[in-house]
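Okay, here's what each chain looks like letter by letter:
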Amino acid sequence: MSTKPKLYYFDGRGKMESIRWLLAAAGVEFEEEFLETRDQYEKLLQGGSLLFQQVPMVEMDGMRMVQTRAILSYIAAKYNLYGKDLKERALIDMYVGGTDDLMGFILMFPFLSAEDKEKQRALIVQKATSRYFPVYEKVLKDHGQDFLVGNNFSWADVHLLEAILMVEEKKSDVLSGFPQLQAFKARISSIPAIKKFLEPGSQRKPVPDDKYVETVRRVLRMYYDIKAN
Amino acid sequence: MSGKPRLTYLNGRGRMEPIRWLLAAAGVEFEEVYLETKEQYDKLIKDGFLLFQQVPLVEIDGMKMVQTRAIMSYIAGKYNLYGKDLKERALIDMYVEGISDLMQMILMFPFSPPDAKEKNLESIKERATNRYFPVFEKALKQHGQDFLVGNKFSWADVQLMEAILAVEEKVPD
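Reading the values: rules and limits
Residues numbered from 1 in each chain as written. Chains lettered and ligands numbered in written order. Predicted model: local features only at pLDDT ≥ 70, side-chain atom pairs only at ≥ 80, totals over all residues. Heavy atoms only, no water. UniProt positions renumbered as here; feature names shortened; annotations may be inferred. Helix = DSSP H or I, 4+ residues; strand = E, 2+ residues; numbered from the N terminus. Expected span 1.5 Å × (residues − 1). Polar contact = N/O pair within 3.5 Å; in protein donor to acceptor, adjacent residues only side chain to side chain. Pairing = 2+ DSSP bridges. Axes fitted to C-alpha atoms, helices over the stretch in contact; angles between N-to-C directions. Buried < 20%, exposed > 50% of the residue type's maximum accessible area, 1.4 Å probe, protein only. Contact = heavy atoms within 4.5 Å. Buried area = accessible area lost by both parts, 1.4 Å probe.

As recorded by an unreviewed UniProt entry, chain B carries the name Glutathione S-transferase and is attributed to Hypocryptadius cinnamomeus. Regarding chain B, the UniProt comment filed under Sequence similarities (unreviewed entry) reads as follows: "Belongs to the GST superfamily. Alpha family."

As annotated in an unreviewed UniProt entry, chain A carries the name glutathione transferase and is attributed to Hypocryptadius cinnamomeus. Regarding chain A, the relevant UniProt record gives this comment under Sequence similarities (unreviewed entry): "Belongs to the GST superfamily. Alpha family."

Given below as structure tokens:
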């Protein structure tokens, strides 16, 4: 039996992407099983692998883990990306909570109608530039260190980079008012494990397309009628 | 200055209620500031208290903590309600996140339009009885222990208790 973590999800970003990022940042190789048919999903359900009948599911260290946040917290702690004490962990949790909320606006984007997509794009950019990016810009400016928390690479840095790149896909010059974040983006992207993940051929997934949306709807029989925020 | 944690929120459950539950379960006394006017809220933002311009806010141990999950994880960690090791913590996190999904449905319920209320109530009942409660019923049956994780009182037990009572308020049986 392989000792690598095994990820069960669709062949696309969704809620699994942050987990792929974190495993990659930790230098952990992983396998993936892609859900393509309703049958596969039902088989997983019947086999009792999905605690709350949902994916993401990650098999690792003898556990079948579900719930994205639980999985990410476990990986962060295991690979020392969660700060050195309770207070650093609290700070990382707060920062990750923010980037999670921001990426939440993007998560449902592919499922929206064309008209709603334009509205949502504007909302994503507005939230990023007025609520979220200024916070991280200030944190980096105030302490002048390379990383968000404790002068050490952590989950918070990985999550922020992921969020920045996702928002840039919606508006390429969105970092123009944020010099600290621009430098941060360059710095974190050049970390070898991250650099590798950003190269073609890695397990990073592309921007979701219609095929992804169709697969999710067909397998889960859900998300047919999503509205913009 | 009081050493007690200070909670800032609306005078109601919302996203602060699980935090109140957890502090109470840990035996920690806390103070509350209720937001009643927009001016109060604007002032908090202007004074830099709200990292992402949102409440809940909990002032604890010299920190101005926001983000419900971050706050709860800190409290659970500090007061030994988070299991004895990484794997127990993972299990507690899974249970807590699942329950949180169910609670989210109840949280949003008061805001549903009148014609959707009946449907949403049905959804809450369906999810509770088909997706969430069976998991915890099975966990308790299988290990036969008093508490959900590691034979010890934890955050997961508090959260489940809160959820059961909240669902019972909507669906008495």
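Anyway, onward from the coordinates.
Student: What is the right way to read helix α6 (residues 155–170) of chain A from this model?
Tutor: Side chains that are three or four residues apart share a direction in an α-helix, a result of its 3.6 residues per turn. Here α6 of chain A spans 23 Å end to end across 16 residues, near enough to the 22 Å set by a 1.5 Å rise per residue. The N-cap residue of α6 of chain A is S154 of chain A: its side-chain oxygen and the backbone nitrogen of A156 of chain A are 3.1 Å apart.

Student: Just to check I follow, could you spell out the sheet that holds strand β3 (residues 57–60) of chain B for this structure?
Tutor: Note on sheets: strands pair through backbone hydrogen bonds, and any given pair is parallel or antiparallel. Residues and elements named next belong to chain B. Spatially, four strands are ordered β2-β1-β3-β4 in an open sheet, and the strand pairing comes out mixed. Edge positions in the sheet fall to β2 (31–34) and β4 (63–66), since each of these pairs with one other strand and no more. The mean inter-strand angle of the sheet, taken between neighbouring strand axes irrespective of direction, is 20 degrees. Alignment of β3 against β4, held across four bridges, turns out to be antiparallel. Counterpart to E59 in the pairing with β4 is K64.

Student: Mind showing me how you'd approach the sheet that holds strand β3 (residues 57–60) of chain A here?
Tutor: All names here are of chain A. Spatially, four strands are ordered β2-β1-β3-β4 in an open sheet, and the strand pairing comes out mixed. A strand with exactly one partner marks an edge of an open sheet, and here the two such strands are β2 (31–34) and β4 (63–66). Along the sheet, successive strands turn relative to each other by an average axial angle of 20 degrees, direction set aside. Of the pairings in the sheet, the one linking strand β1 (residues 6–9) to β2 comprises four bridges and is parallel in character.

Student: Please explain the UniProt feature "domain: GST N-terminal" (unreviewed entry) in chain A as it appears in this structure.
Tutor: On the UniProt side, "domain: GST N-terminal" (unreviewed entry) is annotated at positions that read residues 3–83 of chain A here. A helix fraction of 36% and a strand fraction of 20% characterise residues 3–83 of chain A, whose end C-alpha atoms lie 26 Å from each other.

Student: Looking at this structure, how should I read the environment of V171 of chain B?
Tutor: By secondary structure assignment, the location of V171 of chain B is in the segment after α6 (155–170). Residue class for V171 of chain B comes out buried when judged on its relative accessible area of 13%.

Student: Sorry, what's going on with the interface of chain B and chain A here?
Tutor: Interfaces are frequently sized by the accessible area removed from exposure as the parts join. Facing 32 residues of chain B, the contacting portion of chain A comprises 32 residues. Regarding the contact of chain B and chain A, the summed buried area is about 2,800 Å², with carbon and sulfur atoms giving 62% of it. It is F52, M94 and R131 of chain B that lose the most area in chain B upon contact with chain A, and together they represent 23% of the buried surface on that side. Where chain B packs against chain A, one counts 10 residue pairs in polar contact (both at pLDDT 80 or more). Elements with a contribution of two residues or more to the side of chain B that touches chain A: β4, α3 (68–78), α4 (86–108) and α5 (117–143) of chain B.

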